[in-house]
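Reading the structure
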Amino acid sequence: GAGVSQSPSNKVTEKGKDVELRCDPISGHTALYWYRQSLGQGLEFLIYFQGNSAPDKSGLPSDRFSAERTGGSVSTLTIQRTQQEDSAVYLCASSFGTGHHGDTQYFGPGTRLTVL
Amino acid sequence: GESVGLHLPTLSVQEGDNSIINCAYSNSASDYFIWYKQESGKGPQFIIDIRSNMDKRQGQRVTVLLNKTVKHLSLQIAATQPGDSAVYFCAEKTGGGNKLTFGTGTQLKVEL
């Protein structure tokens, strides 16, 4: 079946502009995650949605970052007033959301954001 | 703070040899560990996982070893192939949460 998809694949923006990144999870997955990967670095957790529960926003680096998930499916990560340090690959993952070990997270290809 | 890290940033092996990628973790409360493979331009791909009540788990050509005494995790790839060239990340979960904490990654290069 289809995997996690993300759009756009690449985004170049100017400092100070707002950007929206989209994630379409695997059908049937109730859990959705956003991570950020800076060049040559590991993945940094940003936010996690599970069903209708309040999202875990503990990884968001500043109040310029926000995310929503509409209808329990598609998610949008918004970065307001982008800064050059926001340049990174933004990865989305989804899982069945059982909460158990072995609830594998499947990743999308990511959106490469470049802030000039 | 708590962290998961890797000993070697780059590992070069000859095709056909076995590869060993290492990972150190510092959170003794972590009870589940995963290895991911990331090819250039793609998202991480699940390889194998292991729970803290185990010390070894085998998959197809891969084996994960967990040493809780020294908080060390390793991924062994048998008969390494060119298609194994990628960055490998270890990740951990702590308690009942779903959030993954990733290490910085090891670049595996397979030489022909």
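Residues numbered from 1 in each chain as written. Chains lettered and ligands numbered in written order. Predicted model: local features only at pLDDT ≥ 70, side-chain atom pairs only at ≥ 80, totals over all residues. Heavy atoms only, no water.

**Some points on the pattern of salt bridges**
- Evaluation of the coordinates by the stated rule reveals 6 salt bridges over all chains.
- Of the charged contacts, one joins glutamate 44 of chain A and arginine 36 of chain A as a salt bridge, the two residues approaching to 3.2 Å between their closest N and O atoms.
- Judged by relative accessible area, glutamate 44 of chain A falls into the partly exposed class, the value being 33%.
- Take arginine 36 of chain A: its relative accessible area is 10%, and that puts it in the buried class.
- The residue aspartate 84 of chain B makes a salt bridge to arginine 61 of chain B at a minimum N-O spacing of 2.9 Å. (Salt bridge = Lys/Arg side-chain N within 4 Å of Asp/Glu carboxyl O. Buried < 20%, exposed > 50% of the residue type's maximum accessible area, 1.4 Å probe, protein only.)

**Regarding the interface of chain B and chain A**
- Taken together, the contacts link 21 residues of chain B with 22 residues of chain A.
- The junction of chain B with chain A conceals about 1,600 Å² of combined surface from both sides, 52% of it contributed by carbon and sulfur atoms.
- Contact with chain A buries surface across chain B, with Asn98, Lys99 and Phe102 of chain B losing the most and accounting together for 33% of the total.
- In this structure, the connection of chain B to chain A is made through 0 salt bridges.
- Looking at the side of chain B that touches chain A, the elements with two or more residues in it are strand S4 (30-38), strand S5 (45-51) and strand S9 (86-94) of chain B. (Contact = heavy atoms within 4.5 Å. Buried area = accessible area lost by both parts, 1.4 Å probe. Helix = DSSP H or I, 4+ residues; strand = E, 2+ residues; numbered from the N terminus.)

**A look at the layout of surface pockets**
- In this structure, the largest pocket encloses a volume near 610 Å³.
- For the largest pocket, the lining is made up of 31 residues, of which Gln37, Leu39, Gly40 and Arg112 of chain A together with Gln38 of chain B are closest to its centre.
- Contributions of two or more residues to the lining of the largest pocket are made by strand S8 (88-95) and strand S10 (111-115) of chain A together with S9 and strand S11 (106-111) of chain B.
- For the lining of the largest pocket, the element with the most residues is S10 of chain A, which contributes 4 residues.
- Looking at the lining of the largest pocket residue by residue, the classes come out as 10 nonpolar, 18 polar and 3 charged.
- Considered as a void within the structure, the second largest pocket measures approximately 190 Å³ in volume.
- Lining the second largest pocket, in full, are Lys37, Gln45, Phe46, Ile47, Gly59, Gln60, Arg61, Val62, Ile77, Asp84 and Tyr88 of chain B.
- Top contributing element to the lining of the second largest pocket by residue count: S5 of chain B, with 3 residues.
- Within the lining of the second largest pocket, the residues separate by chemical class into 5 nonpolar, 3 polar and 3 charged. (1 Å grid on protein atoms, 1.4 Å probe; cavity = no way out; pocket = protein on both sides within 12 Å on 5 of 7 lines; lining within 4 Å. Points joined across faces, edges and corners; volume = space filled by probe spheres on them. Nonpolar A, V, L, I, M, F, W, Y, C, P; charged D, E, K, R; others polar.)

**Some remarks on the side chain of aspartate 103 of chain A**
- Examined against the element boundaries, aspartate 103 of chain A turns out to sit in the loop between S8 and strand S9 (106-107).
- An unpaired buried charge is present at aspartate 103 of chain A: no salt bridge exists, and lysine 93 of chain B, the closest side chain of opposite charge, is 5.3 Å distant.
- Side-chain polar atoms of aspartate 103 of chain A contact the side chain of serine 95 of chain A, separated by 3.0 Å.
- Within the structure, aspartate 103 of chain A has its side chain in polar contact with the backbone nitrogen of glycine 97 of chain A (distance 3.0 Å).
- Filtering out sequence-adjacent residues up to four positions away, aspartate 103 of chain A remains in contact with Tyr33, Ser95, Phe96, Gly97 and Thr98 of chain A together with Lys93 and Asn98 of chain B. (Lys, Arg positive; Asp, Glu negative; His and termini not counted. Polar contact = N/O pair within 3.5 Å; in protein donor to acceptor, adjacent residues only side chain to side chain.)

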